[in-house]
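Given next are the chains, with one letter for each unit.
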Amino acid sequence: MDLTLPKEYDLLRHMIRDVMENEFAPVAEEADEKAEVPFEAIKVAAKAGLFGIPFPQEYGGSGAGELGYVILMEEISRVDSAMATVVGAHIGIAAMAVYVDGSRALKEKYLTPMAQGAKIGAFCLTEPAAGSDAAAIKTRAIRSNGNWVINGTKIYISNGPFADLFSVLAVTDPALGARGGVTAFVVEKEMGTKIGVVEKKLGIRASATSEVIFDEVEVPQANVIGQEGLGFVTFMKTLDLGRVTVGAASLGGAQKALEMIIDYARLAEKYGMPLAHQQQVQFMIADLYSWNEMLRGLVYRTAWMVDNHRPFAREAYVCKLMGSEIASKAVSYAMEIHGALGLSRDYPLERAFRDARIAEIFEGTNEIQRIIIARDLLREVGVHIEP
Amino acid sequence: MRIVVCIKQILDPETIKFSRSQQAIDDRLATRIMNPPDRWALDAALRFKEADPSIEVIAMSLGEPGVEDVLREALALGCDRAILLSDAAVVKARAAGLAQIVATAIRRLRNVQLVMTGHMALDTGSGTLGARLAIELGDWPVLMNVDQLRLEGGHITGLQYADEKYYHSSYPLPAVATVLETPQHPRYPHGADIINAYRVRNVEVWSSLALGIDPTTLPAPTTGRQLRVPPARQLGLIVEGTPQEAAQTLVAMLRSRRVI
Amino acid sequence: MDLSFLEQLLGAPVEEEEGYRNIWVVAIAWEPHLRACDLQVVGKARNLADSLGAYVNVLLIGDNADEDLARELIVYGADAAYWGAGYPTGHSLLDFFSQHKPEILLFADAAGGRKMAPRLAQRLKCALVTHAVDLSINAEERSLVVATPIYHGAAYRVVECRTNPQMATVQQGVFPVPDRDDWRSGDVEMVELEWKPQPPLTPVEPPEYYIPLEKADIIIAGGRGLRGAGWQLVEDLAAAVARRLPHKAIAVAGSRGAVDEGWIGAEHMVDLTGRTVAPALYVACGIRGTFQHFGATEKARCIVAINHNPDAPIFKHADYGIVGEVEEIIPALIEVLDS
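Residues numbered from 1 in each chain as written. Chains lettered and ligands numbered in written order. Predicted model: local features only at pLDDT ≥ 70, side-chain atom pairs only at ≥ 80, totals over all residues.

### As for the sheet that holds strand E11 (residues 187–190) of chain C
All names here are of chain C.
Working step 1: Spatially, the 7 strands line up as an open sheet ordered E6-E10-E5-E1-E2-E3-E11, and their pairing is parallel. Here the strands that pair on one side only, and so sit at the sheet edges, are strand E6 (128–132) and E11. Recorded for the sheet is a direction-independent mean angle of 20° between the axes of neighbouring strands. (Pairing = 2+ DSSP bridges. Helix = DSSP H or I, 4+ residues; strand = E, 2+ residues; numbered from the N terminus. Axes fitted to C-alpha atoms, helices over the stretch in contact; angles between N-to-C directions.)

See below:
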């Protein structure tokens, strides 16, 4: 069993860290304060290929696979969780949907510009009445003159306000529902999508989230991702892949929190000695380190399973569940140790604290993750639980 | 024409630790990186290539096989070729002999008009390779510590830094240039080029034998045994004296550490 | 620096070769006066020669070299001074030293020597230790022992030279300019070397870059302690450092106190709640020091603190401290930097 990373991944990590520390770290605080996406830095990141790390080179990607993508998300989150949301929504779900089931022609047309970072993608699944319960979507696509006409409203769409391309799930046959009646499409902004309310958020403020409104948007037949009626399957496969990297992003955030805790404990003096001398603080450091190492093993192994075509869906749920909870715990610990300083708007911990909460929510809330993991395990022993 | 950029692999000064008991560098935890000033040299060379695609940029390094990693990084950044000079004689060679080996390799390449490298190696703090190579290559002119390099009309021009001032300098090719770091970050490699640098591309390994160098003719290492004495970082030293005396002592101390 | 450990150094004796005697220094007169850095080398060479029982000979070159300046070198400690107005070709320099066979050959690590020394060393197929900050003689071996900073001054490498000649360039400003001794006498001789034309060098404006605080090489920071003295002192010190080192990225910053006073904008605040910095040199003027401030500066490779209060916590976190009034210390520093 050889667990060393191939050397190209070391260099890849080195490059990503360089980009994050030089281009994003200096602007992250201001971007959060103003709730503005740092487009200048994003341009540099796109030029270095950061928007297409996992995809094959024939489609403008780096060819680094899920392993490269995990490294990307871990390194981005060490510096800027909001950017992890931008990249995660773009690569992990919007472009990934085209990649997993799109035809060759569709990939050439849409995956390539997304992988190059020339076009930014958004993933349109959630609706007012369909969040974690994704099968309940109402957005409707109706055939008309060989094209499709889409009507409906998607909400909480990451990258919505500035995306050029949208991977959209819509009902094509209400009678069949999620089993054969839902289709995935790629929709261009120019086809007539509208941006609704832009959310004012607690965390990940330097990413943009909005409603995306489809009002008689006409989409060519060629823009169907995969087979008509099987869109739900495409989106679920995509989300499985995305979950692995939510775990990776959480790992980056938790690692950063641990570093901040150790730094603070070493510097701050209470009762005449550094905080680090207190056992209570030592316990926190030891626990957090242990959880991080556990998460690291899990996330990297799952990435390996993806790249080696093993079934990985259940592990992906665990990555998302444990990752987001460990990251939240890590920033809570950091808050506890930093005292009043942790609450200061001028200190980066406050931002990390606000940013961490989202990971427990998006890509399926943690409650849903637990239900699915349990049902999957129970099914193996013959217990079938209907929703 | 061809440009050769000489790059060095060093222990990352940010991660390095010193073992005080053994009077040595504890390199177990240190990562190995490309000498940062060499990145600026590569960047300048690759800018020439962007302006004139007929220019071929060749990265060259020398040492143990592990040095290959910095050459792969150079390939990822956009170099056309990467050459590693590596064998027992090479690994043992020091300043004078090393310049001889590199110069022999450069001559072997033919049509090399410009040799570039960083203004210093951050590990040894020395920056003499450029000047030594210039001699070995047949007394080529050398621009030391330059910024804002340009190639025009068969000349290499730039702002040369020396003793607190910048001077405009221009020399006819072929020439050697040692490049300054600037606050402008050099280019980042593209992710795909990083992957390809390892999976597709090739680092050529040349030995001194293949270059026709007889190791016995190389100058023997010419300095005595080296001892590294890392003084512990002593905080809290108060510089005494009148304001004038204290100021003088302080400036001398900072100079002796090469902080200023 | 304590170099007593050098006594532990053992090594094969240097082969006695005929004629390699005396310490030589190459000095350059770019302008019609001697450079301080060359005099510093001459002073150090004098010490070494005395422990070696050798002479100090100086070769003075450069457009402005003349007999008067050569005579000045004697006054500063040389035994003999050779001079020629112009810049010698590499070959004639090689011939000159092949003929005079220096045992030790020193240059100031400054314009001229920085280029000439490695070129000459290569022609001699010889080692060269650059940026020497300490030089001494191992009397048993008759060899030059040189300490030179490595890894940004995090440690020193000590090299014992075994070549003929033993060559080094000497870091500027480390050794004092020796005292004049107008009673000294020595030989002054004009030499004929092969001169090469040197294109006139006209200084140009340094290139300008935008420097974020995080990328600065040197940061001059001020705190509340500047209340009486005025913030301008910090700016003046930064300007003096910039004059001295135009190729370095130099920035001005403030502690939380300075920002609260409104002397400098919050975007320049060095603090855990502001910017975390990692310069080569951080100079804290009138900053008492909180742990939020230490946390934001501890990656600095060298920290200098200037404060009137000897009990200020900053001194425990600084490499070098000067206790005194900032309005006296900073002008003195500016004067030294400008001299």
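### Side note on the packing of helix H3 (residues 90–100) of chain C against helix H4 (residues 113–123) of chain C
Residue and element names in this part refer to chain C.
Working step 1: Running from N to C, H3 and H4 cross one another at 65°; their axes reach a closest spacing of 10 Å. By the angle between their axes, H3 is roughly perpendicular relative to H4. You can see that H3 and H4 cross each other, and the crossing is right-handed. For the pair formed by H3 and H4, the contact residues are Gly90, Leu93 and Leu94 on the first element and Arg119, Leu120 and Arg123 on the second.
Working step 2: The class makeup of the residues in the contact of H3 with H4 is 3 nonpolar, 1 polar and 2 charged. (Parallel < 35°, antiparallel > 145°, perpendicular 65-115°, else oblique. Left-handed = near helix turned anticlockwise from the far one by under 90°. Contact = placed C-beta atoms within 7 Å. Nonpolar A, V, L, I, M, F, W, Y, C, P; charged D, E, K, R; others polar.)

### Observations concerning the interface of chain C and chain B
Working step 1: Each partner contributes to the interface: chain C provides 76 residues, whereas chain B provides 67 residues.
Working step 2: Among the elements of the structure, H4, E6, strand E8 (143–150), strand E9 (155–161), strand E13 (203–204), strand E17 (302–307), strand E18 (320–323) and helix H8 (326–338) of chain C are those that each provide at least two residues to the side of chain C that touches chain B.
Working step 3: Looking at the side of chain C that touches chain B residue by residue, the classes come out as 44 nonpolar, 18 polar and 14 charged.
Working step 4: Examined bridge by bridge, strand E15 (residues 237–238) of chain B and E18 of chain C share 2 bridges and lie parallel to one another. Its bridge partner lying in E18 of chain C, Ile238 of chain B is registered against Gly321 of chain C.

### A short note on the nonpolar core
Working step 1: Counting 334 residues, the largest nonpolar core has Phe185 of chain A, Val102 of chain B together with Leu60 and Cys285 of chain C as the members making the most contacts within it.
Working step 2: With 16 residues, helix H6 (residues 231–267) of chain A is the single largest residue contributor to this core.
Working step 3: When residues no more than four places from it in sequence are discounted, the contact partners of Val102 of chain B are Cys6, Met60, Leu62, Leu85 and Leu133 of chain B. (Core = buried A, V, L, I, M, F, W, Y, C linked by C-beta atoms within 7 Å. Buried ≥ 20, exposed ≤ 12 C-beta atoms within 10 Å, placed from the backbone.)

### Regarding the domain arrangement of chain A
All names here are of chain A.
Working step 1: Each domain of chain A was delimited in the assignment, giving domain 1 (7–115), domain 2 (121–229) and domain 3 (233–380).
Working step 2: Domain 1 and domain 3 are separated by 20 Å when their C-alpha centres are compared.
Working step 3: Listed per partner, the contact involves 23 residues of domain 1 and 25 residues of domain 3.
Working step 4: Those elements giving two or more residues to the side of domain 1 that touches domain 3 turn out to be helix H1 (7–34), helix H3 (65–79) and helix H4 (81–101).
Working step 5: Per element, the largest residue contribution to the side of domain 1 that touches domain 3 is 11 residues, and it comes from H3.
Working step 6: Here the residues of the side of domain 1 that touches domain 3 sort into 11 nonpolar, 5 polar and 7 charged. (Domains from an automatic or database assignment.)

### Some words on the pairing of strand E3 (residues 147–158) of chain A
Residues and elements named next belong to chain A.
Working step 1: Pairing analysis gives 5 bridges linking strand E2 (residues 140–144) to E3, with the strands arranged antiparallel. If you follow Ala141 over to E3, its bridge partner there is Ile150.
Working step 2: Between the antiparallel neighbours E2 and E3 lie 2 residues, among them Asn145 with a positive phi of about 50°.
Working step 3: Judged from the 9 bridges that link them, E3 and strand E7 (residues 209–220) form a sheet pairing that is antiparallel. Within the sheet, the bridge partner assigned to Gly152 lies in E7 and is Phe214.

### Some thoughts on helix H2 (residues 67–75) of chain C
Residue and element names in this part refer to chain C.
Working step 1: Within the span of H2, buried status applies to Leu69, Ala70, Glu72, Leu73, Ile74 and Val75.
Working step 2: Looking at the buried residues of H2, the elements they touch are strand E1 (23–28), helix H1 (36–52), strand E2 (56–61), strand E3 (80–83) and E11.
Working step 3: Gly77 lies just past H2 and shows a positive phi near 130°.

### Brief notes about the interface of chain A and chain C
Working step 1: At the interface, 9 residues of chain A touch 8 residues of chain C.
Working step 2: By residue class, the composition of the side of chain A that touches chain C is 5 nonpolar, 1 polar and 3 charged.

### Quick notes on the sheet that holds E17 of chain C
Working step 1: Strand order in the open sheet made by the 6 strands is E15(B)-E18(C)-E17(C)-E16(C)-E14(C)-E15(C), with parallel pairing throughout. Looking along the sheet, the strands with just one partner apiece sit at the ends: E15 of chain B together with strand E15 (250–254) of chain C.
Working step 2: Together, strand E16 (281–285), E17 and E18 of chain C form the strand contacts of helix H7 (residues 243–256) of chain B, whose direction differs from that of E18 of chain C by roughly 175°.

### Section: the confidence of the model for chain B
Reading fine detail from the predicted coordinates is not recommended where pLDDT is low.
Working step 1: The share of residues in chain B with pLDDT of 70 or more is 94%, and the mean pLDDT across the chain is 89.
Working step 2: The complex prediction reports pTM at 0.88, with the ipTM value standing at 0.90. (pLDDT = per-residue confidence, 0-100.)

### Some details on unusual backbone geometry
All names here are of chain B.
Working step 1: In this structure, the amide linkage connecting Leu173 to the following residue, Pro174, adopts the cis form with an omega of 0°.
Working step 2: Along the chain, Pro174 falls in the loop between strand E11 (165–172) and strand E12 (175–179).
Working step 3: Unusually for a residue other than glycine, Asn145 sits at a positive phi of about 55°.
Working step 4: Its location among the elements puts Asn145 in strand E9 (residues 142–152).
Working step 5: For Asn145, a count of 23 C-beta atoms within 10 Å translates into the label buried.

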